Amino acid sequence: MTAAQKRLKDKPGAWQRAAILKRFQELLYAQQERFRLYLEVLDKQGDTIERGRVEDSIVYVEIAEKIVMEIFSIQKVMGPLEAMYRAAYPGSYAGTGYGLSEEAAGIQRLISVLEQLKTEAVGRSKRNKALLAKWMTALRFDIQALRKNPYTGRRSVYSSAGMSSLLDMQG
């Protein structure tokens, strides 16, 4: 039996707290990885929009939707687990951090990194939205320029000439 296991054995409820801590940490790492993947997809989508290949960005939108769904599903599991973590380590969210184990302090660092990733994802998403709006505005101007073509709406000089619709083949 290791020293850590002996300490946990002596404290009531320590095994449960350790299990909560470990599972919460695993979910935070999974959430962090999903956000990093989401940021990569947003970057690639922004690059395709900047190059004028908006049709190709549809693929990235679909990928991003799947990643966001995964993030939400992890968040559903993390919510109750975070409440249990707060109950097991009440000082960890108060900002004191006094008496926290190394794992609990690591959790706090993971939570702050995750918050930074969320903020960055929102910023990149807004940037892509602005790029797309700019592209759409340019496209609207192009369409209006096509409608102002002086040759559209004019009739051909040959359209007013009376053309026969029946042809007499017998002569």
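In what follows, the structure referred to is the one given above.
Per chain, residue numbering runs from 1 following the sequence as it is written. Local features in a predicted model are, by the rule used here, given only for residues with pLDDT of at least 70; side-chain atom pairs are given and counted only at 80 or more, and totals for whole chains, interfaces and linings are based on all residues. With hydrogens and water excluded, all non-hydrogen atoms of the structure serve as input to the side-chain values.

Comments concerning the nonpolar core
Okay, step 1: Side-chain atoms within 4.5 Å link the members of a nonpolar core, which is a set of buried Ala, Val, Leu, Ile, Met, Phe, Trp, Tyr and Cys residues. With a 1.4 Å probe rolled over the protein chains alone, any residue whose accessible area is under 20% of its type maximum counts as buried; one over 50% counts as exposed, and the rest are partly exposed. Phe-24, Leu-28, Phe-35, Tyr-38, Met-78, Tyr-85 and Ile-107 are the most contacted members of the largest nonpolar core, which has 25 residues in total.
Okay, step 2: In this description a helix means any DSSP run of H or I spanning at least four residues, a strand means any run of E spanning at least two, and both kinds are numbered starting from the N terminus. Every element with two or more residues in this core is listed here: α2 (14-50), α3 (54-88) and α4 (102-147).
Okay, step 3: Top contributing element to this core by residue count: α2, with 10 residues.

Looking at the pattern of salt bridges
Working definition: two side chains of opposite charge can pair if their charged atoms are close together.
Okay, step 1: Between Lys or Arg on one side and Asp or Glu on the other, a salt bridge is scored when a side-chain nitrogen of the former is within 4 Å of a carboxyl oxygen of the latter. In this structure the tally under the stated criterion is eight salt bridges.
Okay, step 2: For Arg-34, the salt bridge identified is with Glu-70, shortest N-O distance 2.7 Å. Of this pair, Arg-34 sits in helix α2 while Glu-70 sits in helix α3, placing them 36 residues apart in sequence.
Okay, step 3: Note that Asp-56 and Arg-53 form a salt bridge whose closest N and O atoms lie 2.5 Å from each other.
Okay, step 4: Overall, Asp-56 belongs to the partly exposed group, its relative accessible area being 29%.
Okay, step 5: Residues participating in the shared-partner salt-bridge network are Asp-43, Glu-50, Glu-120, Arg-124 and Arg-127.

Looking at the environment of Gln-32
Okay, step 1: Mapped onto the secondary structure, Gln-32 falls in helix α2.
Okay, step 2: Here the alpha-carbon distance between Gln-32 and Ile-111, two residues 79 residues apart in the chain, equals 9.1 Å.
Okay, step 3: Setting aside its immediate chain neighbours within four residues, Gln-32 contacts Leu-110, Val-113, Leu-114 and Leu-117. Residue contacts are defined here by distance: any two heavy atoms, one from each residue, within 4.5 Å place the two residues in contact.

Bear in mind that shape data such as this cannot, by itself, settle questions of function.
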